[in-house]
Amino acid sequence: MNTYAIILAAGKGTRMKSELPKVLHPVGGIPMVEHLVNKLEKMKIDEIIVVVGHKRELIIRHLGRRVSYAEQTEQRGTAHAVQQAASLLIGKKGATLVLTGDTPLIEPRTLQNLLHVQKENQSAGVVLTAIQDDPTGYGRIIRDKQTKEVMGIVEEKDADPEQKHIQEVNTGIFCFDNQSMFQALLYIKNNNAQNEFYLTDIIQAMREAGITNQQKRFETVVLDDPIEVIGINSREQLAEAERVFTGRTKHADSRIHRRGS
């Protein structure tokens, strides 16, 4: 089965208070987006597509020919960003990972697990979720109260008071059957507080399109360690990611030292 990856890297990242595109800010001396490309290359993904927008020339100059590019000229939401890769991927059979460019701490084994679950269950899609003590700011995972099947994701700004108490959250990382993904994107509407096309609405869109049913479901994978997907939207969060990365590196180095002694 062919595997593809789309990295969303078109945002301005205004909270970083920098002229540099957010995804080019370094963690451990390596730009965030490059961390993801490095991991995907080691996984032997067949095609990696980076969706660029704000100061795209800087990202293209940095990554060069290692990846393909799609351009989002208007910031109209994450579903709209994924749609920009249609000219490169639409109609192709296989699985497509969708990653946000500001998650450099994601582990390759987590991405491999998403691919495994999608393939094993022949799922229309799989969303990576995490349990957060304080879910403020995250999209909440809505499940059927009886079956526990995932029914949708509601963004913080659109959540009602009851939904805001849900601690299972969307990480922004998905794995889709590629053809099902592009079919469902056409059903996503922008009737929300931000007037944007949310990729999180794809679960409901797949039901409306008749893609998901009793035989073909939308699945979830729950992260053991939410630290893998801390979003980096500010200088403070960048510093936190740096601390985590440094701690991982020291831990890995000590294990190597112990094995070699």
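See above for the structure.
So, here is what we can say about the structure in this document. (Residues numbered from 1 in each chain as written. Predicted model: local features only at pLDDT ≥ 70, side-chain atom pairs only at ≥ 80, totals over all residues. Heavy atoms only, no water.)

Here's the deal with helix 5 (residues 108-121)
Alright, step 1. Over its 14 residues, helix 5 extends 20 Å from the first C-alpha to the last, a length consistent with the 20 Å expected when each residue adds 1.5 Å.
Alright, step 2. Next to the buried residues of helix 5 lie strand 1 (3-9), helix 1 (32-42), strand 6 (95-100), strand 7 (125-131), strand 10 (168-177) and strand 11 (218-222).
Alright, step 3. Gln122 sits one or two positions beyond helix 5 and adopts a positive phi of about 50°. (Helix = DSSP H or I, 4+ residues; strand = E, 2+ residues; numbered from the N terminus. Expected span 1.5 Å × (residues − 1). Contact = heavy atoms within 4.5 Å.)

Brief notes about the pattern of salt bridges
Alright, step 1. All chains considered together, the criterion is met by 12 salt bridges.
Alright, step 2. In this structure, the salt-bridge partner of Glu34 is Arg66, at a minimum N-O distance of 3.5 Å. Remark: Arg66 occurs in the loop between helix 2 (56-63) and strand 5 (68-71) and Glu34 occurs in helix 1; sequence separation between them is 32 residues.
Alright, step 3. For Arg66, the salt bridge goes to Glu41, with nearest N and O atoms at 2.7 Å. With Arg66 in the loop between helix 2 and strand 5 and Glu41 in helix 1, this residue pair connects regions lying 25 residues apart in the sequence.
Alright, step 4. On the basis of relative accessibility, which here comes to 32%, the residue Arg66 falls in the partly exposed class.
Alright, step 5. Using a relative accessible area of 35% as the deciding quantity, one classes Glu41 as partly exposed.
Alright, step 6. In this structure, a network of salt bridges that share partners links the residues Glu34, Glu41 and Arg66. (Salt bridge = Lys/Arg side-chain N within 4 Å of Asp/Glu carboxyl O. Buried < 20%, exposed > 50% of the residue type's maximum accessible area, 1.4 Å probe, protein only.)

With respect to the environment of Glu149
Alright, step 1. Relative to the helices and strands, Glu149 resides in the loop between strand 8 (140-143) and strand 9 (150-154).
Alright, step 2. We classify Glu149 as partly exposed; its relative accessible area is 24%.
Alright, step 3. On a C-alpha basis, the gap between Glu149 and Glu242 in space is 36 Å, while along the polypeptide they are 93 residues apart.
Alright, step 4. Discounting residues that sit within four places of it in the chain, Glu149 has contacts with Ile142, Arg143, Asp144 and Arg217.

Points about the packing of aromatic side chains
Alright, step 1. Under the definition given, this model contains 2 aromatic pairs.
Alright, step 2. When the centroid spacing of 6.2 Å and the interplanar angle of 70° are considered together, the rings of Phe176 and Phe218 count as edge-to-face. Taken together, the residues span a long stretch of sequence, with Phe176 in strand 10 and Phe218 in strand 11 at a distance of 42 residues. Each of the two residues, Phe176 as well as Phe218, counts as buried.
Alright, step 3. An aromatic cluster is defined as three or more aromatic residues linked by ring pairs; in this entry it consists of Phe174, Phe176 and Phe218. (Phe/Tyr/Trp six-rings, centres within 6.5 Å; stacked < 30°, edge-to-face > 60°.)

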